[in-house]
Amino acid sequence: MEGPRIAIAGLTKRFGTVTAVEDVSFAAEPGRVTGFLGPNGAGKSTTLRALLGLVAPTAGSARIGDHAYAELERPAAVVGALLEGAFHPGRTARAHLRTVAPLVDADDARCDDALAMVGMSDAANRRVGGFSMGMRQRLGLATALLGEPTALVLDEPANGLDPAGITWMRGFVRDFAARGGTVLLSSHLLGEVEQTVDDVVVIAQGRIRHASSLAELRRLAHPATTLVSPDADRLARLADDWPGSRLTSPHELVVAHADAAEVGARAFAAGLEVHGLAESGETLEQVFLRLTEEAA
Ligand SMILES: Nc1ncnc2c1ncn2[C@@H]1O[C@H](COP(=O)(O)OP(=O)(O)O)[C@@H](O)[C@H]1O
Ligand SMILES: [Mg+2]
């Protein structure tokens, strides 16, 4: 499978006087899971809905491969979507899929395949009204899979899932991307998708605050290390020789962007007696909060 590249460029959407998203640009690459992250009201759903042709942009564009969604000849064969959706409560899971199937050229066998893919074969004849949130999410995903798409756009897929459900969803999207598919999923919690995503796009108040690989975001959460030594002379010399370090007292040196191993090694090489070595720094969650709270 070769998923399309998804590219949002200069997307702005205003609802009356409310600017939901402003000049949003980012891409989701095939073979990778891209996390679209931001607090509630940040503009995630509006962006994903614009991508799927459900919201008309005020400005800018959203493309799936070479086309806008509306230009796709068989959209369901390209992109499967999971939105905060409504199911008819009286329908069974299988009946729900068979209602959607004709719209996406899927037959009854494909409906059952899709149920099997999300582990819901046993619930095929149960009514959706009695489903837990996790089962609804699975049925939503089965619906997205009906047209055998090579891209998945999932709005808050982890919402309402218990830990086992989150683990299952993670495995599912990781496998989809590993087979070459493109996955773009949103979440208001970084921790919920930290083990799922390869790339991170952070949005807050309608604007993109950060876009990079998850590994790069982790590097932003640099630790600083504090070194305590009784040897004020050698400590002062070490501070002089080390850009990024500063003495906070005659016996205490703080080194930015360095972990304890690096500082310990330099101290050892300088023949410095060490009485204390302590790392401090932001967790990934703190970096995420800082990115979303900073003024635009
Ligand atoms: N149909 C709409 N009419 C008016 N305002 C809307 C509409 N849809 C979204 N908004 C507003 O746009 C902003 C972004 O909403 P949304 O895209 O749903 O954010 P998120 O999915 O990140 O929680 C919010 O202020 C929301 O109230
Ligand atoms: Mg939303």
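Fair warning: this is a prediction, and the values are worked out from it, not measured in the lab. (Residues numbered from 1 in each chain as written. Chains lettered and ligands numbered in written order. Predicted model: local features only at pLDDT ≥ 70, side-chain atom pairs only at ≥ 80, totals over all residues. Heavy atoms only, no water.)

**Topic: helix α8 (residues 232–241)**
Residues of α8 that are buried include every one of L235, L238 and A239, and no others. Projection of α8 onto a plane perpendicular to its axis shows the buried side chains occupying an angular sector of 100°, all on one side. Residues of α8 that are exposed and point over 90 degrees away from its buried face: D233, R237, D240 and D241. Residues of α8 that are buried sit in contact with β10 (223–228), β11 (245–249), β12 (252–255) and α9 (260–269). (Buried < 20%, exposed > 50% of the residue type's maximum accessible area, 1.4 Å probe, protein only. Helix = DSSP H or I, 4+ residues; strand = E, 2+ residues; numbered from the N terminus. Arc of directions from axis to C-beta. Contact = heavy atoms within 4.5 Å.)

**Structural notes on the packing of helix α3 (residues 108–117) against helix α4 (residues 133–145)**
To describe two helices that pack against each other, one gives the angle between their axes and the distance between the axes. It is at 8 Å that the axes of α3 and α4 come closest, and there the two elements cross at 135°. As the angle between them shows, α3 and α4 are arranged oblique. Helix-helix and strand crossings are classified by hand; for α3 and α4 the assignment is right-handed. Of α4, the residues touching α3 (which contributes R110, A114, L115 and M117) are L139, A142 and L145. (Axes fitted to C-alpha atoms, helices over the stretch in contact; angles between N-to-C directions. Parallel < 35°, antiparallel > 145°, perpendicular 65-115°, else oblique. Left-handed = near helix turned anticlockwise from the far one by under 90°.)

**Some words on the sheet that holds strand β7 (residues 182–187)**
Across the sheet, 6 strands lie side by side as β5-β6-β7-β3-β8-β9; this open sheet has mixed pairing. Looking along the sheet, the strands with just one partner apiece sit at the ends: β5 (79–82) and β9 (207–213). Within the sheet, the average angular offset between the axes of one strand and its neighbour, ignoring direction, is 15°. Both strand β6 (residues 151–154) and β7 contribute to a ladder of 4 bridges, which runs parallel. Paired with L152 across the two strands is V183, which belongs to β7. Contacts from helix α1 (residues 44–51) reach β3 (33–37), β6, β7 and β8 (199–204), with the element oriented near 150° to β7. Running over the sheet, helix α5 (residues 163–178) touches β3, β6 and β7 and is turned about 150° from β7. (Pairing = 2+ DSSP bridges.)

**A look at the packing of aromatic side chains**
Enumeration over the complete set of coordinates arrives at 2 aromatic pairs. When the centroid spacing of 4.7 Å and the interplanar angle of 35° are considered together, the rings of F26 and F36 count as tilted. A residue pair is termed long-range when its members are at least 10 positions apart, and F26 in strand β2 (residues 18–28) and F36 in strand β3 qualify at 10 residues. Across the pair, exposure class does not vary: F26 and F36 are buried alike. (Phe/Tyr/Trp six-rings, centres within 6.5 Å; stacked < 30°, edge-to-face > 60°.)

**Digging into the site of ligand 1**
Looking at ligand 1, the residues that line it are F15, A20, P39, N40, G41, A42, G43, K44, S45 and T46. Between S45 and ligand 1, the recorded distance is 2.8 Å, taken from a side-chain N or O atom to an oxygen atom. In the environment of ligand 1, an oxygen atom lies 2.6 Å from a nitrogen or oxygen atom belonging to the side chain of T46. For ligand 1, whose accessible area on its own is 560 Å², the fraction buried by protein is 58%. It is α1 that provides the largest number of residues to the shell around ligand 1, a total of 3 residues. (Near = heavy atom within 4 Å. Polar contact = N/O pair within 3.5 Å; in protein donor to acceptor, adjacent residues only side chain to side chain. Areas by Shrake-Rupley, 256 points an atom, 1.4 Å probe, with all protein chains shown as cover.)

**A short note on the pairing of β6**
Residues of β6 alternate between two faces, with A151 and V153 on one and L152 and L154 on the opposite face, all of them buried. Bridge count between β5 and β6: 4 bridges; the pairing is parallel. Bridge assignment links L82 to a residue of β6, and that residue is L154. Traced from β6 through α5 to β7, the parallel crossover comes out right-handed. (Right-handed = clockwise from strand over helix to strand, strands pointing away.)

**Re the side chain of D199**
Within the element layout of this structure, D199 appears in strand β8. The exposure class of D199 is buried, given its relative accessible area of 13%. Among residues more than four places away in sequence, those in contact with D199 are R32, V33, T34, G35, S212, S213 and L214.

**As for the pattern of salt bridges**
In the structure shown here, the tally under the stated rule is 11 salt bridges. When the shortest N-O distance is used, the salt bridge between E156 and K44 registers 3.8 Å. One end of the pair, E156, is in the loop between β6 and α5; the other, K44, is in helix α1, with 112 residues separating them in the sequence. Each member of the pair, E156 as well as K44, carries the same accessibility label: buried. (Salt bridge = Lys/Arg side-chain N within 4 Å of Asp/Glu carboxyl O.)

**Remarks on the sheet that holds strand β4 (residues 59–64)**
Judged by pairing direction, the sheet is antiparallel, and its 3 strands sit side by side in the order β2-β1-β4 without closing on themselves. Across the chains shown, the open sheet's two edge strands, defined by having one partner strand only, are β2 and β4. Recorded for the sheet is a direction-independent mean angle of 20° between the axes of neighbouring strands. Note: strand β1 (residues 6–15) against β2, 7 bridges, orientation antiparallel. Residue K13 lies in a different strand from β2, and its bridge partner there is V21. Across the sheet, α1 is in contact with β1, β2 and β4; its angle to β1 comes to roughly 115°.

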